[in-house]
Protein chains: 2
Amino acid sequence: MLIGLLQEDATRSYAMLGKAVGLSGGAAHERVRKLRERGVIRRTTIEVDQAALGHTVTSYVMVDGGSWMGDSAAELAAIPEIEEAHVIAGPASVLLKIRTPGTRELQDVLRRVFQVDGVTGTRTIVVLETFFERTLK
Amino acid sequence: MLIGLLQEDATRSYAMLGKAVGLSGGAAHERVRKLRERGVIRRTTIEVDQAALGHTVTSYVMVDGGSWMGDSAAELAAIPEIEEAHVIAGPASVLLKIRTPGTRELQDVLRRVFQVDGVTGTRTIVVLETFFERTLK
DNA sequence: CCGAACACCGTATGGTGTTCGGTATGACGG
DNA sequence: CCGTCATACCGAACACCATACGGTGTTCGG
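The rules we used
Residues numbered from 1 in each chain as written. Chains lettered and ligands numbered in written order. Predicted model: local features only at pLDDT ≥ 70, side-chain atom pairs only at ≥ 80, totals over all residues. Heavy atoms only, no water. Helix = DSSP H or I, 4+ residues; strand = E, 2+ residues; numbered from the N terminus. Rg over C-alpha atoms; globule rule 2.2 N^0.38 Å. Buried < 20%, exposed > 50% of the residue type's maximum accessible area, 1.4 Å probe, protein only. Areas by Shrake-Rupley, 256 points an atom, 1.4 Å probe, with all protein chains shown as cover. Near = heavy atom within 4 Å. Polar contact = N/O pair within 3.5 Å; in protein donor to acceptor, adjacent residues only side chain to side chain. Least-squares fit on C-alpha atoms with pLDDT ≥ 70 in both. Contact = heavy atoms within 4.5 Å. Nonpolar A, V, L, I, M, F, W, Y, C, P; charged D, E, K, R; others polar. Pairing = 2+ DSSP bridges. Domains from an automatic or database assignment. Axes fitted to C-alpha atoms, helices over the stretch in contact; angles between N-to-C directions. Parallel < 35°, antiparallel > 145°, perpendicular 65-115°, else oblique.

### As for the overall build of chain A
Part 1 of the argument: When you go through chain A residue by residue, the secondary structure sums to five helices and five strands.
Part 2 of the argument: The helix and strand sequence of chain A, counted from the amino end, reads α-α-α-β-β-α-β-β-α-β.
Part 3 of the argument: Over its C-alpha atoms chain A spans a radius of gyration of 20 Å, topping by over 25% the 14 Å that the globule rule assigns to 137 residues.
Part 4 of the argument: Projected onto its principal axes, the C-alpha positions of chain A cover 60 × 35 × 25 Å.
Part 5 of the argument: With 137 residues in all, chain A has 44% of them scored as buried.
Part 6 of the argument: Surface summary for chain A: the accessible area is close to 6800 Å², and the carbon and sulfur share equals 52%.

See the structure below:
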C-alpha cells in the first residue's frame, strides 16, 4: 500500500512508489494527491527524537473534575508540553500525555492544569521506559 | 528553527528553508543532513488520519503483572494494534495505547495481551473524544 | 452499442536534491 | 603574531524529480 510505504519513508520518489505497486510515477502521484485531498494523509512531517531535544520525561495525567464544555480544551491546548488530550470513560474525566525536560517542569505543567476551570485533582503516571512509540499500518 | 519548519511541512524545499533561517539552500541541506545523522530527525513520514482508515476506537490499557524482562516486550510489539507501550511507575506495570476499528477488535487484542507471560490483569480506559494529538515544538 | 467517467501511461519542463570546489571564521599551539 | 586545522557557509553544476497534460484502455448505466 502506498500509505505504508510513505509512512516508512516519505522521501521516496513517485517513480519508486509506482514501481513498488506496479504503476507509473504519474499514476502513483495522482493516487497520493487524492489521499491528501480526502484528508487520509494529513501532512508530511518529520519524526523527531524528543529525548535528543531535552524532553526526557514522559508522563500521563488523569484529570478529575473540570467543566469540559466550551474552552477548557483550549486552555489545555495552550500548554505546549501537553502532547495529547483525551476525554475518557473510566476513573477520570480527561487523560493527558505530557513531555517535559524534567520532573521540575512537569510540576509546573501540573500546576497550570490545576488552574483549569473545575479541576479537582490529578493522578500522574510517570513513564520509566518506552518499549516503542510507532505509527500504525 | 529548521526542525519546527519541517515538522509543519516536510515538503518544503531546502531553498525555502534556507531563506527562512538566512542560509543558502546548500547550507540548509547540510544542517538537516547532520540532524538526520545524529538521530535528532528519525525519518520523514506522513501523518495519517487513523479514523479514515477505520481505526475509530482508541483506548489505553494498564497491564498488571508480567515479567517484563527479555522478550515480553517483543510479544507486545508483535500485536499490530498496539501503538505505544511504556513501562510505568504507578498503579500498574505497563501502559498500552491501542487503536482498533471497534470494541470487538479491542477485545481480541486484550485477549492476546492476557496471554503474555505473567500478566494477571488489565484495566481499560476507552477514549470518548480526542481534543488533540500533536507533535511538540 | 454509445458516451461518460475513471484510471492509467508516456512525455515535457521547470524546479529540486545533492554534490563539490572555493572562501570566511574561529580555535589552538608554537 | 602566524600557521594549521576544523567548521560552516556560499554559489554553481548536474542528475533527478514533481507536476501537468494529451492520449488510451476499461467499466458501466442507459
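### Comments concerning the protein's contact with DNA strand D
Part 1 of the argument: Surrounding DNA strand D, one finds Arg12(A), Ser13(A), Tyr14(A), His29(A), Gly22(B), Leu23(B), Ser24(B), Ala27(B), Arg31(B) and Lys34(B).
Part 2 of the argument: Take the atoms of DNA strand D that sit within 4 Å of the protein: sugar and phosphate atoms are 96% of them.
Part 3 of the argument: In the environment of DNA strand D, a phosphate oxygen lies 3.1 Å from a nitrogen or oxygen atom belonging to the backbone of Tyr14(A).
Part 4 of the argument: Taking Ser24(B), its main chain carries an N or O atom lying 2.4 Å from a phosphate oxygen of DNA strand D.

### Side note on the relation of the copies chain B and chain A
Part 1 of the argument: With an RMSD of 0.2 Å, chain B superimposes on chain A once it is rotated by 180 degrees and translated 0.1 Å along the axis. Such a combination of turn and shift is consistent with a two-fold rotation axis. Minimal C-alpha distance to the rotation axis in chain B is attained by Thr45(B), lying at 2.7 Å.
Part 2 of the argument: A shared binding surface is used by both copies, with 100% of the interface residues of chain B retained as interface residues in chain A.

### Thoughts on the protein's contact with DNA strand C
Part 1 of the argument: Taken together, the residues surrounding DNA strand C are Gly22(A), Leu23(A), Ser24(A), Ala27(A), Arg31(A), Lys34(A), Arg12(B), Ser13(B), Tyr14(B) and His29(B).
Part 2 of the argument: Tyr14(B) is positioned with one of its backbone polar atoms (N or O) 3.0 Å from a phosphate oxygen of DNA strand C.
Part 3 of the argument: Between a phosphate oxygen of DNA strand C and a side-chain N or O atom of His29(B), the distance comes to 3.0 Å.
Part 4 of the argument: Residue contributions to the surface near DNA strand C peak at three residues, all from helix α3 (residues 25-37) of chain A.
Part 5 of the argument: The residue inventory of the surface near DNA strand C, partitioned by class, reads three nonpolar, four polar and three charged.

### Describing the pairing of strand β3 (residues 82-89) of chain B
Part 1 of the argument: Counted residue by residue, β3(B) has seven buried out of eight residues, so it is predominantly covered.
Part 2 of the argument: Bridging between strand β5 (residues 119-133) of chain A and β3(B) involves six bridges; their strand directions are antiparallel. Looking at β3(B), one finds that Phe132(A) is bridged to Ala85(B).
Part 3 of the argument: One ladder, built from five bridges, connects β3(B) with strand β4 (residues 94-100) of chain B; its direction is antiparallel. Residue pairing for β4(B): His86(B) is matched across the bridge by Leu95(B).
Part 4 of the argument: Joining the antiparallel neighbours β3(B) and β4(B) is a turn of four residues, in which Gly90(B) adopts a positive phi near 140 degrees.

### Overview of the domain arrangement of chain A
Part 1 of the argument: Domain parsing of chain A yields domain 1 (2-37) and domain 2 (50-126).
Part 2 of the argument: One C-alpha centre belongs to domain 1 of chain A, the other to domain 2 of chain A, and the line joining them spans 37 Å.

### Re the packing of helix α2 (residues 14-21) of chain A against α3(A)
Residue and element names in this part refer to chain A.
Part 1 of the argument: At a minimum axis separation of 7 Å, α2 and α3 run at an interaxial angle of 95 degrees. In terms of their interaxial angle, α2 and α3 are classed as roughly perpendicular. In contact with Tyr14, Ala15, Leu17 and Gly18 of α2, α3 contributes Gly25, Ala28, His29, Val32 and Arg36.
Part 2 of the argument: A class-by-class count of the residues in the contact of α2 with α3 yields five nonpolar, three polar and one charged.

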